[in-house]
Amino acid sequence: MPDPRRDVPRTDQVLADPRLREAVDRLGSRLVKQTVVAAQQRCRDGEIEPGAVADVAAESLPQQAATLRRVLNATGVVVHTNLGRAPLSRAAVEAVTTAAGATDVELDLATGRRGRRGRGALEALAEQVPDAGGVHVVNNGAAALALATRVLARGGRSIVIARGELVEIGDGFRIPELLESVGAALREVGTTNRVRLSDYAAAVDDDTAFVLKVHPSNFTVTGFTSSVSVRELTGLGPPVVVDIGSGLLAPHPRLPNEPDATSALRAGADLVTASGDKLLGGPQAGLLLGRAELVERLRRDPFARALRVDKLTLAALEATLTGPAPPVAAALATRPEDLRARARAICAALPAECEPEVVDSDGVVGGGGAPDVTLPSVAIALPEHFAVPLRLGEHPVVGRVERGRLLLDLLAVDPGEDRDLIGAVTRVARREGR
Ligand SMILES: *Cc1c(COP(=O)(O)O)cnc(C)c1O
């Protein structure tokens, strides 16, 4: 028996291949070596010939140094948590690329002195919410709430909150546990479905740090319900903090039940917290908007430093606020007739063996909010067995399976991605047809 190990080309021989040498510059030697070692192992196992090791290694090189892949969101869910929530606008992506290098995030180029960090993003936010006396940005919505709680309810002071607003936000994380974890005591009032102003009034005392209103952004309670408005809560005495969740800065005509920062502030809220990567359509961030001296107190607290956003976030947030409408806003504004025209054109370009069909579909906003809203959409229906190969393809496409068919919903697909969608489906159909 010949020893197969003797025929496996040595690592340095394989790495001399020009394709792999070039890849070392792009991906670093660690990733390229790992790929070569895997190909050598396949040779040793008798799966491939010794002469094919360099070819196989070159073909299986990762596209980038990070494992995160670009995915085409054909789920019909505009803000898809598992797909990274809001996709950034092209303007935001450009801003991120620029900020990735050395940048004047904390330097005033005119004076050569230290400048206010993230001034551009904060000014853009303040401009869009003139009712906020002060604005600040932290890591995410949970961080915004944690900062407010930590500073205002330090030392076990209490937060008054309705039982129907004790929300689990996802991945097992719960708002009440978050609040307690930074030192607050909770005073729960009302029941799951109903709470009255008198319930709040009975719970408020000298130890109350603030009254918190949390928007149940991922569920609705219907039927025999009642809640108390922000305006009514402001009459109780303690500061009112409103966690609106999704990050709408002003009312949205298609989402009438979704709270927004401007309305909450006009109703008298002292502080509003929100996420940047839900309906605002920007990067992961936590927005704090409210009374100037209150926001300043939060910003200057030592804990704020632990929640600080990086320059990439500041760049993306500013471009989201000042630039063209981000993809989330564009998706919310699309009309079904436009989607139908695109779906017809895509179907016409697909091979007949896919049996593509244009169908009406129900899109949703997603983890970002408006759980009660259905967004009329249009999808391309394919046989269900396309689902897995499309997900595992070179450019992964994620749709949703409904009643034995795969639906590729166009609501969250940028029109510029239609060609990629056609390409991905065609590749699967060709492979299946072989
Ligand atoms: C999403 C959400 C949060 C958490 O925000 P993150 O940005 O995910 O940390 C908190 N409260 C509400 C009401 C939310 O909808």
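Residues numbered from 1 in each chain as written. Predicted model: local features only at pLDDT ≥ 70, side-chain atom pairs only at ≥ 80, totals over all residues. Heavy atoms only, no water.

Looking at an unreviewed UniProt entry, one finds the chain named L-seryl-tRNA(Sec) selenium transferase and attributed to Rhodococcus gordoniae. One UniProt comment on the chain, placed under Cofactor (unreviewed entry), says "pyridoxal 5'-phosphate". The UniProt entry for the chain carries the following text under Function (unreviewed entry): "Converts seryl-tRNA(Sec) to selenocysteinyl-tRNA(Sec) required for selenoprotein biosynthesis." (UniProt positions renumbered as here; feature names shortened; annotations may be inferred.)

Asker: Just to check I follow, could you spell out the UniProt feature "modified residue: N6-(pyridoxal phosphate)lysine" (unreviewed entry) in the chain for this structure?
Answerer: As annotated by UniProt and renumbered to match this structure, "modified residue: N6-(pyridoxal phosphate)lysine" (unreviewed entry) occupies Lys278. By secondary structure assignment, the location of lysine 278 is in the loop between β12 (271-275) and β13 (286-290). Residue lysine 278 is classed as buried on the basis of its relative accessible area of 7%. Filtering out sequence-adjacent residues up to four positions away, lysine 278 remains in contact with Val79, Arg85, Ala86, Ser217, Gly245, Ser246, Val328, Gly367 and Gly368. (Helix = DSSP H or I, 4+ residues; strand = E, 2+ residues; numbered from the N terminus. Buried < 20%, exposed > 50% of the residue type's maximum accessible area, 1.4 Å probe, protein only. Contact = heavy atoms within 4.5 Å.)

Asker: Just to check I follow, could you spell out the site of the ligand for this structure?
Answerer: The ligand sits among 13 residues. The nearest are Gly141, Ser217, Asp243, Ser275 and Lys278. Between an oxygen atom of the ligand and a main-chain N or O atom of glycine 141, the distance comes to 2.8 Å. One of the side-chain nitrogen or oxygen atoms of serine 275 is found 2.6 Å away from an oxygen atom of the ligand. Expressed as a share of its isolated accessible area of 380 Å², the protein-covered part of the ligand is 93%. (Near = heavy atom within 4 Å. Polar contact = N/O pair within 3.5 Å; in protein donor to acceptor, adjacent residues only side chain to side chain. Areas by Shrake-Rupley, 256 points an atom, 1.4 Å probe, with all protein chains shown as cover.)

Asker: Explain the nonpolar core to me, please; I cannot follow it from the model alone.
Answerer: Across soluble globular proteins, nonpolar side chains show a tendency to be buried alongside one another. With 39 residues, the main nonpolar core has Ile380, Leu382, Phe386, Leu390 and Leu408 as its most contacted residues. Contributions of two or more residues to this core are made by β2 (77-79), α15 (327-333), α16 (336-349), β15 (375-383), α17 (387-391), β18 (405-409) and α18 (418-433). When residues are assigned to domains, this core turns out to be shared by domain 2 (72-83 + 329-433) and domain 3 (90-323), each giving three or more. Apart from the residues within four sequence positions on either side, leucine 408 is in contact with Ala74, Val378, Ala379, Ile380, Leu382, Leu390, Val397, Gly399, Leu421 and Val425. Judged by nonpolar contacts, the second largest core, of 37 residues, contains Ala121, Ile244, Ala269 and Leu321. (Core = buried A, V, L, I, M, F, W, Y, C linked by side-chain atoms within 4.5 Å. Domains from an automatic or database assignment.)

Asker: Can you walk me through helix α14 (residues 311-322) in this structure?
Answerer: With 12 residues, α14 should cover 16 Å at 1.5 Å per step; its first-to-last C-alpha distance of 16 Å lies within 8% of that length. When α14 is considered as a whole, its buried residues turn out to be Thr313, Leu314, Ala315, Ala316, Leu317, Ala319, Thr320 and Leu321. (Expected span 1.5 Å × (residues − 1).)

Asker: Explanation requested: the environment of aspartate 270 in the structure shown.
Answerer: Relative to the elements of secondary structure, aspartate 270 occurs in the loop between α12 (261-266) and β12. The class of aspartate 270 is buried, set by a relative accessible area of 14%. A sequence separation of 21 residues divides aspartate 270 from arginine 291, and the C-alpha atoms of the two residues are 5.7 Å apart. Of note is the side chain of aspartate 270, whose polar atom sits 2.8 Å from the backbone nitrogen of valine 240.

Asker: Looking at this model, I keep getting lost on the packing of aromatic side chains. Mind explaining?
Answerer: A ring pair, where both rings are aromatic, is described by two values, the distance of the centres and the angle of the planes. Scanning the entire structure with this criterion turns up zero aromatic pairs. The ring of phenylalanine 303 has arginine 150 lying over it, and the distance from NZ or CZ to the ring centre is 5.0 Å. For arginine 194, the ring lying beneath its charged end belongs to phenylalanine 224, and the centroid distance is 3.9 Å. (Phe/Tyr/Trp six-rings, centres within 6.5 Å; stacked < 30°, edge-to-face > 60°. Lys NZ or Arg CZ within 6 Å of the ring centre and 35° of its normal.)

Asker: Explain empty space enclosed by the protein here, please?
Answerer: With a probe scaled to a water molecule rolled over the atoms, the places where space remains empty come into view. Across all of its chains, the model carries one cavity of 30 Å³ or more by this definition. One number sums up the size of the largest cavity: a volume of about 40 Å³. Along the walls of the largest cavity sit Pro389, Leu390, Gly393, Glu394, His395, Ala424, Arg427, Val428 and Arg431, which together make up its complete lining. Secondary-structure elements contributing two or more residues to the lining of the largest cavity are α17 and α18. Examining the composition of the lining of the largest cavity, we find that four residues originate from one element, α18, more than from any other. Class assignment of the residues belonging to the lining of the largest cavity gives a composition of four nonpolar, two polar and three charged. (1 Å grid on protein atoms, 1.4 Å probe; cavity = no way out; pocket = protein on both sides within 12 Å on 5 of 7 lines; lining within 4 Å. Points joined across faces, edges and corners; volume = space filled by probe spheres on them. Nonpolar A, V, L, I, M, F, W, Y, C, P; charged D, E, K, R; others polar.)

Asker: What exactly am I supposed to notice about helix α3 (residues 18-27) here?
Answerer: In an α-helix, one turn spans 3.6 residues; hence positions three or four apart end up facing the same way. Along α3, the residues classified as buried are Leu20, Ala23 and Leu27. The arc enclosing the buried residues of α3, seen along the axis, measures out at 55°, which places them on a common side. Of the exposed residues in α3, those oriented more than 90 degrees away from the buried face are Pro18 and Asp25. Elements in contact with the buried residues of α3: α2 (11-15), α4 (29-44) and α5 (53-59). Sitting at the head of α3, aspartate 17 places a side-chain oxygen 2.8 Å from the backbone nitrogen of arginine 19. Looking one or two places after α3, you find glycine 28, whose phi comes out positive at around 90°. (Arc of directions from axis to C-beta.)

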